[in-house]
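# Observations on the three-dimensional arrangement
Given next are the chains, with one letter for each unit.
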Amino acid sequence: MDFRLSPEGEAFRDEVRDFLKENWDTKEFDAHSINVRSIDFASAESRENDHEFILKLVDKGWYTMHWPEEYGGQDAPFDKQFVYMEELGYAGAPEGSPAANITGVLMIHGTDFLKEKFLGPMARAEIDWAQGYSEPNAGTDLASLQTRGVEDGDDIVVTGQKIWSSGSHFSNWYHILVRTDPSAPKHRGITYLAMQLKDDDGNMMPGITLRPLYDFFGTRRWNEVFMDEVRVPKRYMIGEMNRGWYAAMTTLNFERTGIDNAARQIGVFDRFIAMARDLKFNGESILNNGVTRHQLADLRVTLEIDRMLAYRVAAMQAAGEVPQAEGAMSGWRVLHTSKYWLWPTFARALGPYIGLHKPEPRAPGNGIYGTHYMLSQNESGGGGGIALGANIIAWRGLGLPR
């Protein structure tokens, strides 16, 4: 396939690059190399730096360029959207649009009330969403979830537990799956809700308790979320009662077809090479080692394959197709490459220095490579995990039985 952009698309790429040079400064933070697992994900200063940059995207009119005009967007052509996401990913900048895993589903399945309630504030970067899917006994097999939602007048009363809710302690809203018909088959009887986590003063809503979960370095990244008879008005239901599973699959299709991830990893690679050119062990550059050069070259080829898979997803989306299996392939490859190729290759190149982590001053690259090598081992579980992605490819792409 020919993935070359139009002249207008290439001109816009130059515009985005110039904007990033002028407006994006990491300030020595790294919150985006491996999604929410990056070392500075929970840093207040890093998050503020990200937010200031996102507000510049809002002012520029780029933050919702891909939204339909009826929702305040620009209906930007897909090659323009693609260039924008790719360049932000390559630069290691924050994601340049409202949360993809809820925006599309609100537009497709949301009522007029929900669209009016959420889309405007999301376009102004005023809402932080967390995702309430996984439970202690419902992760890869998500449809086994047991958090209960009981109808009571105009409300649904929610009681149960969610786990591995990334960044939910920073969030003010939760999109959550609950079981409202326990007698139905497990993929049915599930309802999809928008639930308020915090009030306007930043206090937890009644009946909601967050218990922190920490990573290797003691950073709070996730939470267990406990709900004890939390009342959610029915007007916050996304889609139909007892058919939330199907709306949620729309959410996951948007989540798994992100096209900035491959470019993000290529940016990480290129910055490693730039650092390695000046890095010497015992007076000799690590790039003088023939084995290291071959391993890095092999990794670069792998990253280019991942980018081509992402381009295929983008081409299908531009043609109005829904790339379920193809999106799963692209998402699976990014996770697989991160855990088994990208960070392990850097670890082999740096040898024992990979054991030095941020902020150890003697660590190559400010300790990012050693730190993220350890954090990347969590890639097996993020976003449903490597195993789930392989299953989706098998079921939807190859037609294999469950």
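For the structure itself, consult the block above.
In this text, all values refer to a predicted model and were calculated from it rather than measured experimentally. (Residues numbered from 1 in each chain as written. Predicted model: local features only at pLDDT ≥ 70, side-chain atom pairs only at ≥ 80, totals over all residues. Heavy atoms only, no water.)

Our next topic: the overall build of the protein chain. For the protein chain, the helix and strand inventory stands at eleven helices and ten strands. Taken over C-alpha atoms, the radius of gyration comes to 22 Å for the protein chain, in line with the 21 Å a tight globule of 402 residues would show. Oriented by its inertia axes, the alpha-carbon framework of the protein chain measures out at about 75 × 50 × 45 Å. By the burial criterion, 50% of the 402 residues in the protein chain qualify as buried. Partitioning the contacts of the protein chain with sequence separation of at least 6, the portion at a separation of at least 24 is 70%. (Helix = DSSP H or I, 4+ residues; strand = E, 2+ residues; numbered from the N terminus. Rg over C-alpha atoms; globule rule 2.2 N^0.38 Å. Buried < 20%, exposed > 50% of the residue type's maximum accessible area, 1.4 Å probe, protein only. Contact = heavy atoms within 4.5 Å.)

Right, let's talk about the environment of A276 for a bit. Structurally, the position occupied by A276 is in helix α7 (residues 261-277). Sequence separation of A276 and L350 is 74 residues, and the distance between their C-alpha atoms is 9.1 Å. Here A276 is in contact with S285, I286 and L287, once residues within four sequence places are set aside.

Bringing the nonpolar core into the picture now. L106, F118, M122, W129 and M195 are the most contacted members of the largest nonpolar core, which has 44 residues in total. Excluding its chain neighbours within four sequence positions, the residues that come into contact with M122 are Y63, W67, P98, I102, T103, L106, I127 and W129. (Core = buried A, V, L, I, M, F, W, Y, C linked by side-chain atoms within 4.5 Å.)

As a further point, take unusual backbone geometry. The omega angle of the peptide bond from K358 to P359 is 10°, so this bond is cis rather than trans. Mapped onto the fold, P359 is located in the loop between α9 (324-350) and α10 (368-375). Unlike most non-glycine residues, E28 shows phi in positive territory, near 70°. Positionally, E28 belongs in the loop between α1 (7-23) and α2 (44-60). Taking relative accessible area as the criterion, E28 reaches 61% and is therefore assigned exposed. Phi is positive for D75, which is not a glycine, with a value near 50°. One can find D75 in the loop between α2 and α3 (78-91).

Our next topic: the side chain of D30. For D30, the location among the structural elements is in the loop between α1 and α2. With no salt bridge to any partner, buried D30 finds its closest opposite charge in R271, at an N-O distance of 6.3 Å. If sequence neighbours within four positions are ignored, D30 has contacts with S38, I39, D40, K358, I368 and H372. (Lys, Arg positive; Asp, Glu negative; His and termini not counted. Salt bridge = Lys/Arg side-chain N within 4 Å of Asp/Glu carboxyl O.)

With that settled, the discussion passes to α7. Under the 1.5 Å per step criterion, the end-to-end length of α7 is 25 Å for 17 residues, consistent within 8% with the ideal 24 Å. The buried count for α7 comes to twelve of 17 residues, which makes it a mostly enclosed element. Along α7, the residues that are buried comprise A262, A263, R264, Q265, I266, G267, V268, F269, F272, I273, M275 and A276. For α7, the secondary structure elements touched by its buried residues are α3, β10 (284-285), α8 (290-318), α9 and α10. (Expected span 1.5 Å × (residues − 1).)

Let us look at the packing of α3 against α7. Remark: α3 packs on α7, axes separated minimally by 6 Å, with the N-to-C direction vectors making an angle of 35°. Seen from above, α3 lies across α7 with right-handed handedness. Residue-level inspection shows E86, L88, G89, Y90 and A91 of α3 in contact with α7, the latter providing A263, R264, I266, G267, D270 and R271. A breakdown of the residues in the contact of α3 with α7 according to their chemical character gives five nonpolar, two polar and four charged. (Axes fitted to C-alpha atoms, helices over the stretch in contact; angles between N-to-C directions. Left-handed = near helix turned anticlockwise from the far one by under 90°. Nonpolar A, V, L, I, M, F, W, Y, C, P; charged D, E, K, R; others polar.)

Let us now look at the packing of aromatic side chains. Under the criterion given, the structure shown has 21 aromatic pairs. Seen from their ring centres, F113 and Y236 are 5.3 Å apart, and the 75° between their planes marks the pair as edge-to-face. Residue F113 is found in helix α5 (residues 112-123), and its partner Y236 is found in the loop between β7 (220-233) and β8 (237-238); the two are separated by 123 residues along the sequence. Ring centres 5.5 Å apart and planes at 80° place the aromatic pair F346 and Y369 in the edge-to-face group. Of the two residues, F346 sits in helix α9 while Y369 sits in helix α10, which places them 23 residues apart along the sequence. Here F346 matches Y369 in class, with each residue buried. (Phe/Tyr/Trp six-rings, centres within 6.5 Å; stacked < 30°, edge-to-face > 60°.)

For any two helices packed against each other, the geometry is given by the interaxial angle and the distance between the axes. It is the contact of α8 with α9, at a shortest axis distance of 10 Å, that shows an interaxial angle of 165°. One element, α8, and the other, α9, form an angle in the roughly antiparallel class. Crossing handedness for the pair α8 and α9: left-handed. Here the residues of the contact of α8 with α9 are counted per class, giving 13 nonpolar, seven polar and six charged. (Parallel < 35°, antiparallel > 145°, perpendicular 65-115°, else oblique.)

Honestly, it's all geometry; don't read function into it.
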